[in-house]
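Residues per chain are reported as follows:
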Amino acid sequence: MTGKNFLFTSESVTEGHPDKVCDQISDAILDEFLTKDNHSRVAAETTVTTGMALVCGEITADCYVDIPQVVRNTIKNIGYCGTNSGGFDADTCAVITSIDEQSCDIGNGVNKALEARCENADTSITETESIGAGDQGIMFGFACDETPELMPLPISLAHKLSYRLAQIRKQGLVNYLRPDGKSQVTVEYIDGKPSRIHTILLSTQHDPIINGQSDNSIVQKIISEDLKRLVIDYIFENENIKPDSDTKILINPSGRFVIGGPQGDSGLTGRKIIVDTYGGYSRHGGGAFSGKDPTKVDRSAAYASRYVAKNIVAAGLADKCEIELAYAIGVAEPLSILVDTFGTGKIADEEIEKLVRKNFDLTPAGIINKFDLRNLPSKNGGKFYQLLASYGHMGRTDINVPWEQIDKAQDLKKQALSCGCGCV
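Residues numbered from 1 in each chain as written. Predicted model: local features only at pLDDT ≥ 70, side-chain atom pairs only at ≥ 80, totals over all residues. Heavy atoms only, no water.

Q: Lay out the overall build of the protein chain in plain terms, naming residues and giving numbers.
A: Per the secondary structure count, the protein chain includes 14 helices and 11 strands. The C-alpha radius of gyration computed for the protein chain amounts to 23 Å, which stays within 12% of the reference 22 Å derived for 424 residues, consistent with globular compactness. Counting all 424 residues of the protein chain, 55% fall into the buried class. Sequence separation of at least 24 residues holds for 73% of the intrachain contacts in the protein chain that already meet a minimum separation of 6. Carbon and sulfur atoms form 48% of the exposed surface of the protein chain, whose accessible area is close to 17,600 Å². (Helix = DSSP H or I, 4+ residues; strand = E, 2+ residues; numbered from the N terminus. Rg over C-alpha atoms; globule rule 2.2 N^0.38 Å. Buried < 20%, exposed > 50% of the residue type's maximum accessible area, 1.4 Å probe, protein only. Contact = heavy atoms within 4.5 Å. Areas by Shrake-Rupley, 256 points an atom, 1.4 Å probe, with all protein chains shown as cover.)

Given below as structure tokens:
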């Protein structure tokens, strides 16, 4: 997209969106298992609908977790409880579980990688070091220089708006909001760079009566004025690019949003993978994150590829960088590593790829150890992955996320300079 004029749109959703309810439940279960047994193998899937939550999947662990209680606590913390629960209440909804152990066929490949099972394998390699990828698949990581956190501007703004929408509800700045909500931001690009805000869209679930007013036209006018002031104006006060007189602002364009959450639409773990990553600005391998322990490269390698891409951009080697990794189940080393800087690289993409192979351990064990993925919940009071299940897994600045570090940037820059081409 470099050098072109275009509009680009990304969306985000609040934690009360039915799909995000499921992501948070799945990750809350993962947090609980890893806190009690940090080698737990977890693949927890959740679906919700009116009056019901179903948790299914495969879990192998040396501990007990009260899954129904975790489910109810998560739903309650999101805000679905009491008189405004809207057909989905933490205390009264049915919670159904159907859990098996991880397949031994999968477990054998994960426990000891193909490389460690070969006849000439290094016998000094420990079991922890030799684990294989939990599945085959492709993962993409991305970074660009559009924001301080090196994320695309549209998804960065969309997340901020959704987060603020939830914040004003939880802080009681207005008393009529319900948990479900969405945001969407369209940015106009000139010569491949963000130039102006084209459209801002907010949709929020709400009470049918506000300030004693039941007339929907009055209700929507109150919502529109409050969200413009408390959400949009608040967020853009500190942004370099602000809405202008031609920016379209749409608030509850459907005209009414009372029935929402799991009552309005069923939810499912992993159905917001674009919201979780780069808002569609980068390619996606298709694998979801939530409910999966770190041996699943869908999750851990996606974090690693973001880490690699961010350090490349932070080093000044490119304005944009996308990393693709590919894995085979039971094999530790990635099958392929692809670097694409979209023509913005200061050195050839092939040279950057060599730097990646030299500086980053992209085996499952290497990634797990680098980011301490098994111990993050216990180090953060028993809740870590659940916090990622809303407002994105990448580019987070509100929590300490290890794959957002840029600790490799200076080394990459020095090594690129030493190539003698003088192009960095």
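Q: Residues and numbers for the pattern of salt bridges, please.
A: With the rule as written, the count across this model stands at 28 salt bridges. Lys 36 serves as the salt-bridge partner of Glu 32, at 3.7 Å between the closest nitrogen and oxygen. Taken together, the residues Glu 32 and Lys 36, both in helix H1 (residues 18-36) and 4 residues apart, mark about one turn of the helix. With a relative accessible area of 45%, Lys 36 lands in the partly exposed category. (Salt bridge = Lys/Arg side-chain N within 4 Å of Asp/Glu carboxyl O.)

Q: Before we move on, can you summarise empty space enclosed by the protein with the specific residues and values?
A: Enumeration over the complete set of coordinates arrives at 1 cavity of 30 Å³ or more. In this structure, the largest cavity is lined by Ile 138, Met 139, Phe 140, Thr 277, His 284, Gly 285, Gly 286, Gly 287, Phe 289, Asp 298, Ala 302 and Met 394. The set of elements that each furnish at least two residues to the lining of the largest cavity consists of strand E5 (137-144) and helix H9 (297-314). Per-element accounting of the lining of the largest cavity gives the leading share, 3 residues, to E5. (1 Å grid on protein atoms, 1.4 Å probe; cavity = no way out; pocket = protein on both sides within 12 Å on 5 of 7 lines; lining within 4 Å. Points joined across faces, edges and corners; volume = space filled by probe spheres on them.)

Q: Just give me the short version of the nonpolar core, but keep the residues and values in it.
A: Grouped together as the largest cluster of nonpolar side chains are 106 residues, with contacts concentrated most on Ile 312 and Trp 403. Among the elements that line this core, the one with the most residues is H9, at 10 residues. Beyond its immediate stretch of four places on either side in the chain, Trp 403 contacts Tyr 303, Arg 306, Tyr 307, Phe 371, Leu 373, Leu 376, Phe 384, Leu 388, His 393 and Met 394. (Core = buried A, V, L, I, M, F, W, Y, C linked by side-chain atoms within 4.5 Å.)

Q: I'd like a rundown of the layout of surface pockets, residues and numbers included.
A: It is a probe the size of a water molecule, rolled over the atoms, that shows where empty space is left. Taken as a whole, the largest pocket holds about 620 Å³ of empty space. In this structure, the largest pocket is lined by 27 residues; those nearest its centre are Glu 149, Ser 156, Lys 160, Glu 239 and Thr 397. Sorting the residues of the lining of the largest pocket by element identifies helix H5 (153-170) and helix H6 (216-236) as the ones contributing at least two each. Across the lining of the largest pocket, the residue classes tally to 12 nonpolar, 8 polar and 7 charged. Lining the second largest pocket are 17 residues, and of these Glu 15, Gln 24, Lys 170, Leu 387 and Tyr 391 lie nearest its centre. Residue assignment for the lining of the second largest pocket shows that the elements contributing at least two residues are helix H2 (67-78), H5 and helix H13 (385-388). (Nonpolar A, V, L, I, M, F, W, Y, C, P; charged D, E, K, R; others polar.)

Q: Residues and numbers for the sheet that holds strand E4 (residues 94-100), please.
A: Strand pairing in a sheet relies on backbone hydrogen bonds, with the paired strands running either antiparallel or parallel. Across the sheet, 4 strands lie side by side as E4-E3-E2-E9; this open sheet has mixed pairing. Unpaired on one side and paired on the other, E4 and strand E9 (267-268) mark the two borders of the sheet. Direction of pairing for strand E2 (residues 41-49) relative to E9: antiparallel, over a ladder of 2 bridges. Looking at E9, one finds that Val 48 is bridged to Gly 267. Sheet strands in contact with H1 are E2, strand E3 (52-60) and E9, and its direction is about 150 degrees off that of E2. Contacts between H2 and the sheet are confined to E3 and E4, with E4 contributing the most and set at about 130 degrees to the helix. (Pairing = 2+ DSSP bridges. Axes fitted to C-alpha atoms, helices over the stretch in contact; angles between N-to-C directions.)

Q: Summarise the packing of aromatic side chains; cite the residues concerned and give the values.
A: Evaluated as defined, the whole model comprises 15 aromatic pairs. Look at Phe 142 and Tyr 278: their rings are 5.8 Å apart centre to centre, the planes differ by 70 degrees, and that puts the pair in the edge-to-face class. Placement of Phe 142 in strand E5 and of Tyr 278 in the loop between helix H8 (273-276) and H9 is noted, with a sequence separation of 136 residues between them. This pair shows no difference in class: Phe 142 is buried, exactly as Tyr 278 is. For the ring pair Tyr 303 and Trp 403, a centre distance of 3.7 Å and an interplane angle of 5 degrees mean the geometry is stacked. Within this pair, whereas Tyr 303 is found in helix H9, its partner Trp 403 is found in the loop between H13 and helix H14 (409-417), the two being separated by 100 residues in sequence. Both residues of the pair, Tyr 303 and Trp 403, count as buried. Through a chain of ring-to-ring contacts, three or more aromatic side chains come together here, namely Phe 289, Tyr 303, Tyr 307, Phe 360, Phe 371, Phe 384, Tyr 385 and Trp 403. One residue, Arg 164, lies across the ring of Tyr 234, its end atom 3.5 Å from the ring centre. Sitting over the face of the ring of Phe 360, Lys 408 holds its NZ or CZ atom 5.8 Å from the ring centroid. (Phe/Tyr/Trp six-rings, centres within 6.5 Å; stacked < 30°, edge-to-face > 60°. Lys NZ or Arg CZ within 6 Å of the ring centre and 35° of its normal.)

Q: Which residues make up the environment of Tyr 234, and what values go with them?
A: Inspection of the secondary structure assignment puts Tyr 234 in helix H6. Taking the relative accessible area as the measure of exposure, Tyr 234 reaches 41% and is therefore partly exposed. Put simply, Tyr 234 and Arg 164 are 70 residues apart on the chain and 8.5 Å apart in space, counted from C-alpha to C-alpha. Those residues in contact with Tyr 234, other than ones at most four positions away along the chain, are Arg 164 and Arg 229.

Q: Report on the packing of H9 against helix H11 (residues 364-371), specifying residues and quantitative values.
A: Orientation of H9 relative to H11, taken along the N-to-C sense of each, is 65 degrees, at an axis distance of 10 Å. As far as their axial angle goes, H11 and H9 are roughly perpendicular. The element H9 and its partner H11 pack so that their crossing is left-handed. Contact with H9, carried on its side by Val 297, Ser 300, Ala 301, Tyr 303, Ala 304 and Tyr 307, involves Pro 364, Ile 367, Lys 370 and Phe 371 of H11 and no other residues of that element. Residue classes in the contact of H9 with H11 are distributed as 8 nonpolar, 1 polar and 1 charged. (Parallel < 35°, antiparallel > 145°, perpendicular 65-115°, else oblique. Left-handed = near helix turned anticlockwise from the far one by under 90°.)

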